[in-house]
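So the chains spell out like this:
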Amino acid sequence: MPTVLKKIISAILTILIVSCLVFLAFSIIPGDPAVAKLGTQATPEKLAALRASMGLDKSVPERFLTWILGVLHGDFGKSYSYSMPVTSLIKDKIPLTLMLTVYSFILMIVLSVVLAVYAAWHENSLIDKILQILNQVIMSIPPFFGGILITLFFGLGLKLFTPGGYVSYHVNFGRFMGYMFFPALAIALPKSAMAFNLLYTSLVEEGKKDYARTAFSRGNKTKDVFYKHLLKNACIPVITFLGMALADMVAGSIVIEQVFGIPGLGRILLTSIQNRDYPVVEAIIVIIAVLVVVSNLLVDILYRVVDPRTRS
Amino acid sequence: MANNLLHVEDLNIEFHDHIIPETVVYDFDLDMTEGEIVGLVGESGSGKSMSALAIAGLLSRHDMRKRGKIEFGDTDVLTCPREKLRSLQGNEISMIFQEPMTSLNPVKKIGWQVEETMRIHTDKTAEERRARALEVLSHVGLEDAERVYNSYPHQLSGGMRQRVMIAAAMAITPRLLIADEPTTALDVTVQAQIVDLLKHINKKHNTSILFISHDLSLVRSLCSRVLVMKGGYVVEKGPVEEVFNHPVEEYTKKLIAAIPKVEL
């Protein structure tokens, strides 16, 4: 499949360009990592020595070359403030953020599909109308605020989980998933509302098409008409949104980790920005870029899987 | 004497989606016997498709009112529970539609769609279903049934898709086949082939066919009896040759006069 190959090549190029821009941006913006580490009272000699040890005395292109070659080998350099390789610093945190993202994504799909099918099936019913209104409200709640509401309601009110009581998946996977459900819900809810909206409209449209009538004429149950016939067709216009949502959810995870006290990439990203710990920031941005590009690639592939008309 | 298959009496269909209800079918009566081909003609909007959909149990919108009787065997299609109706649909009553381009699900393989009625109504195994699907696909005149089986609708021509629709309708031999303008969207040569196919199916399986069309020459070549509809009313009915040779109603005369004559 040459088209898929083309997509993969363009994805790799995108990641390279993003890496390049990220590195350049951090070379241009004001602020000196050496000063950030030693403080403003440090002597010029000490600063110069530290810069040399950080490799900051070399020219930008030279530093970029060393950095990018390292990145290609999975080596993001050394953290300025933690004095340890960036890779070992973020290695344990990537799966956490990734899991949170995937968890939210799955929640979003389950929520939006089940509710959209229900609402489209019972079009104009009371529950349909309630869902439509609820949808508008939820769509306008940003994840961090949703996270606070969820903590308040499910955590402090219903005591379904202990706010701040994060359990590592190394310790207890079940309790880890139980705890993560709530931040994942906070991320998933506004996106589910949007996906619901798109999918609902699309399902109602598909339901008016001739093949839906054919499906009924063969004696299908209404449930099967929706799940076996309409859903796959109705998904096609929603797939693009799913790709964007997935990328957005990576960013959403980083924010929500703060609210729920999850030691993922989010926390280290924020402290690293404050400390001008560029290697860490660069590494995380590159990782996010990779995730975004990969999710776009997945969307392209998903299109081909779902819609046979885009193949051949 | 052939058995009575379908008895429709005083069927009225009203739409209630406007402030003033709109009746689209008035006092529709129809009796069909086993193995009979009946034509239903009239211009678009005459109520012929609505009547057909009602007989197939496909008018279930909440803003519609249906009165009268549609008896298929000993089941009243209008009043029986949905489960009972479902057990008839695709099993004893099958339907083919006007638009072969859009009547098939665009994202499902042909084989899957042809096998659907068997999945719903029979206990056939996957291999049996596949064998039967390939069999009906070749019966409806599709060469290389294997390839069609693995194709998607967009990979087939209009005529082929209508054959697929007929194959799907015949996968379980129905007692009544409702063909709602099955040839309208097709080329003239393909139209004749589809009509021949319907004739063949009727002879071979003794399946009754309700053939809906505005093409009177097709109706004449296929049907034994004909009903002419206008504005929701059946204005004329009778044996095909009688209606064609001695039309009583002015409207029927006009319709017959509108058949293009081939002059050599």
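Look above for the structure.
Structure report, in brief.

### Some points on the environment of B:Pro247
Residues and elements named next belong to chain B.
Next up, step 1: In this structure, Pro247 sits in the loop between helix 10 (240–245) and helix 11 (250–257).
Next up, step 2: Sequence separation between Pro247 and Lys203 is 44 residues; the distance between their C-alpha atoms is 28 Å.
Next up, step 3: Not counting the four nearest positions on each side in its chain, Pro247 is found in contact with Glu236, Glu242, Thr252, Lys253 and Ile256.

### A look at the sheet that holds strand 4 (residues 64–72) of chain B
All names here are of chain B.
Next up, step 1: An order of 2-1-4-5 is seen for the 4 strands of this open sheet, with the pairing classed as antiparallel. Among the strands making up the open sheet, the edge pair consists of strand 2 (22–33) and strand 5 (75–76).
Next up, step 2: In the sheet, strand 1 (residues 4–15) pairs with strand 2 via 8 bridges, with the strands oriented antiparallel. Its bridge partner being in strand 2, Leu6 is matched across the sheet by Met32.

### Here's the deal with the pattern of salt bridges
If the charged atoms of two oppositely charged side chains come close together, the side chains can form a pair.
Residues and elements named next belong to chain B.
Next up, step 1: Tallied over the full model, the rule gives 21 salt bridges over all chains.
Next up, step 2: Glu83 is paired through a salt bridge with Arg86; the nearest N and O atoms lie 3.0 Å apart. Placement of both Glu83 and Arg86 in helix 2 (residues 82–88) is noted, with a separation of 3 residues, approximately one turn of the helix.
Next up, step 3: With a relative accessible area of 10%, Arg86 lands in the buried category.
Next up, step 4: One salt bridge connects Glu250 with Lys253, and the closest N-O pair in it is separated by 3.9 Å.

### Comments concerning helix 11 of chain B
All names here are of chain B.
Next up, step 1: Among the residues of helix 11, Tyr251, Thr252, Leu255 and Ile256 are the ones counted as buried. Mapping the buried residues of helix 11 onto a view down its axis gives an arc of 135 degrees, with all of them on the same face. Exposed and oriented more than 90 degrees from the buried face of helix 11 are Glu250, Lys254 and Ala257.
Next up, step 2: Those residues of helix 11 that are buried are in contact with helix 9 (216–222), strand 9 (225–230), strand 10 (233–239) and helix 10.

Conventions adopted
Residues numbered from 1 in each chain as written. Chains lettered and ligands numbered in written order. Predicted model: local features only at pLDDT ≥ 70, side-chain atom pairs only at ≥ 80, totals over all residues. Heavy atoms only, no water. Helix = DSSP H or I, 4+ residues; strand = E, 2+ residues; numbered from the N terminus. Contact = heavy atoms within 4.5 Å. Pairing = 2+ DSSP bridges. Salt bridge = Lys/Arg side-chain N within 4 Å of Asp/Glu carboxyl O. Buried < 20%, exposed > 50% of the residue type's maximum accessible area, 1.4 Å probe, protein only. Arc of directions from axis to C-beta.

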